[in-house]
Amino acid sequence: MCDTIESAFVAISRLASGSEATHNVDPVLFPDGGLRPGELIEISGDSNSGKSLLCLELIARIILPTSCGGLELAAVLIDCENSYSKPVLLSILEKHILNQAEPSLASTLTDPHQLETIQRAALSRLHLITCYSLEQFEFSLLALPALFVRQPELTFVLIDSIATFYWTKCTAKNLIRQDTYQKAHCKTLSRLAGKWKKIVLFTKPSHFGGRQASGRDFEANSAAGALSLDGSTQASSFAGQLTPSMSTASSAVSLIDHRIELTEIDNPSPGGSEQGSADQRFSAFITMADKQQYVRFYLIDKYGINWIEA
């Protein structure tokens, strides 16, 4: 009994102290060295801009072996959008294996069994949690520390998306601003990342919790009236007292170390003439913790995201 308690204590102490090593999960997105344990990263964008796909791209780089350009680490994906696709992830893994494999390994990839073996080993480092309700999502967050203790090799946590169950939380009897909802989850994720020395990434729609979302926010609109259960509008007892404020949104932003904003673009991007004018192009606007900013351009095809050199 004492040995078990001591082992758990040692494991928790080791995880809490953590390693300050930098993980260069993607040199295109993070050219200045990568991500550090304890950091929180936000990925935002409109529908079909590639948020879920970018998560799979990052997962591939995390779980692939170092001989294939990966980090050979373990990751947890909490899928709230039902967007996880194993065939898509396998295609992305294949792309990186074929493009990044060391010469000694690349010569063996003519055997399809070798490719499948690498893919299976990589997938064994991914832990998938699918959530269909707010209760399942919140319980999954509470259960993560126990998972970290059992499997200390877990380094990354990815959540797609934190906004999925907002309308379950925000009801006619429980009005809550989008930025308030986002701040609460960011505080939870920031504490989780800091205490356990994990790197946490989450996605959200670009309009969610930001300045442009205030017009669609129940609590912001409740200054004029509140929705009743039958859909009619009732006068609010605190009408005129609520004014849209960005203080809560600013607090949520202050908890985020890095931000990646994905956007569909109409104008030709660098290298567009080489890629073909029929391809839809996107941009990724990256803001780092030190306030440095970058813009990257990419295409989406059946093999995932293809970055275009500027």
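Residues numbered from 1 in each chain as written. Predicted model: local features only at pLDDT ≥ 70, side-chain atom pairs only at ≥ 80, totals over all residues. Heavy atoms only, no water.

An unreviewed UniProt entry annotates the protein chain as Rad51-like C-terminal domain-containing protein originating from Anopheles coluzzii.

**Student:** Lay out the overall build of the protein chain in plain terms, naming residues and giving numbers.
**Tutor:** In terms of regular secondary structure, the protein chain is built from 11 helices and 11 strands. A burial count over the protein chain gives 44% of its 310 residues as buried. Looking at the protein chain alone, contacts between residues at least 24 apart form 71% of all its contacts between residues at least 6 apart. As displayed, the protein chain offers around 15400 Å² of accessible surface, 52% of which is attributable to carbon and sulfur atoms. (Helix = DSSP H or I, 4+ residues; strand = E, 2+ residues; numbered from the N terminus. Buried < 20%, exposed > 50% of the residue type's maximum accessible area, 1.4 Å probe, protein only. Contact = heavy atoms within 4.5 Å. Areas by Shrake-Rupley, 256 points an atom, 1.4 Å probe, with all protein chains shown as cover.)

**Student:** Lay out the environment of Asn306 with the relevant residues and their values.
**Tutor:** Mapped onto the elements, Asn306 comes out in strand S11 (residues 304–308). The exposure class assigned to Asn306 is partly exposed, which follows from its relative accessible area of 28%. Separated by 25 residues in the primary sequence, Asn306 and Arg281 place their C-alpha atoms 10.0 Å from one another. Once you skip the residues sitting within four places of it in the chain, Asn306 turns out to touch Lys95, Phe297, Tyr298, Leu299 and Asp301. At a separation of 2.3 Å, a polar atom in the side chain of Asn306 contacts the side chain of Asp301. (Polar contact = N/O pair within 3.5 Å; in protein donor to acceptor, adjacent residues only side chain to side chain.)

**Student:** With reference to specific residues and values, describe the sheet that holds strand S1 (residues 40–45).
**Tutor:** Spatial strand order, S3-S2-S4-S5-S1-S8-S9-S10-S11: nine strands in an open sheet with mixed pairing. In this open sheet, the two edge strands, each paired with only one partner strand, are strand S3 (126–130) and S11. Going from strand to strand, the sheet's axes swing by 20° on average, the running direction of each strand aside. Two elements, strand S2 (residues 74–79) and S3, share five bridges in a ladder whose sense is parallel. Looking at S3, one finds that Leu77 is bridged to Leu128. (Pairing = 2+ DSSP bridges. Axes fitted to C-alpha atoms, helices over the stretch in contact; angles between N-to-C directions.)

**Student:** How would you summarise the packing of aromatic side chains if you had to cite specific residues and measurements?
**Tutor:** Counting across every chain of the model gives eight aromatic pairs. Seen from their ring centres, Tyr181 and Phe208 are 6.0 Å apart, and the 85° between their planes marks the pair as edge-to-face. Of this pair, Tyr181 sits in helix H8 (residues 178–196) while Phe208 sits in the loop between strand S5 (199–205) and helix H9 (218–221), placing them 27 residues apart in sequence. By relative accessible area, Tyr181 is classed as buried at 2%. Assessed through its relative accessible area of 4%, Phe208 is described here as buried. Note that Lys198 overlies the ring of Phe148, its terminal NZ or CZ placed 5.0 Å from the centroid. (Phe/Tyr/Trp six-rings, centres within 6.5 Å; stacked < 30°, edge-to-face > 60°. Lys NZ or Arg CZ within 6 Å of the ring centre and 35° of its normal.)

**Student:** Tell me about helix H6 (residues 134–150), and name the residues and values.
**Tutor:** With 17 residues, H6 should cover 24 Å at 1.5 Å per step; its first-to-last C-alpha distance of 25 Å lies within 8% of that length. A maximum bend of about 35° is found in H6 at Ala143, where proline Pro145 lies one to four positions downstream. Residues Leu134, Phe137, Ser140, Leu141, Leu144, Leu147 and Phe148 constitute the buried set of H6. (Expected span 1.5 Å × (residues − 1). Bend = angle between axes of the 7 residues up to and from the residue.)

**Student:** How would you explain the packing of H6 against H8 if you had to name every residue and give the values?
**Tutor:** Between H6 and H8, the shortest axis-to-axis distance is 11 Å and the interhelical angle comes to 10°. The orientation of H6 relative to H8 falls into the category roughly parallel. Each of Leu134, Phe137, Leu141, Leu144, Pro145, Phe148 and Val149 in H6 lies in contact with H8, whose residues at this interface are Tyr181, His185, Thr188, Leu189, Leu192 and Trp196. Residues of the contact of H6 with H8, tallied by class, amount to 11 nonpolar, two polar and no charged. (Parallel < 35°, antiparallel > 145°, perpendicular 65-115°, else oblique. Nonpolar A, V, L, I, M, F, W, Y, C, P; charged D, E, K, R; others polar.)

**Student:** Hey, could you go over the packing of helix H2 (residues 51–63) against helix H3 (residues 86–100) for me, with residue numbers and the actual values?
**Tutor:** The N-to-C vectors of H2 and H3 enclose an angle of 50°; their axes lie 9 Å apart at closest approach. By the criterion of interaxial angle, the relationship of H2 to H3 is oblique. In terms of crossing hand, the pair formed by H2 and H3 is right-handed. Residues Leu53, Leu56, Glu57, Ile59, Ala60, Arg61 and Ile63 of H2 touch H3, and the partners they reach there are Val88, Leu89, Ile92, Leu93, Lys95 and His96. For the contact of H2 with H3, the per-class residue count stands at nine nonpolar, one polar and three charged. (Left-handed = near helix turned anticlockwise from the far one by under 90°.)

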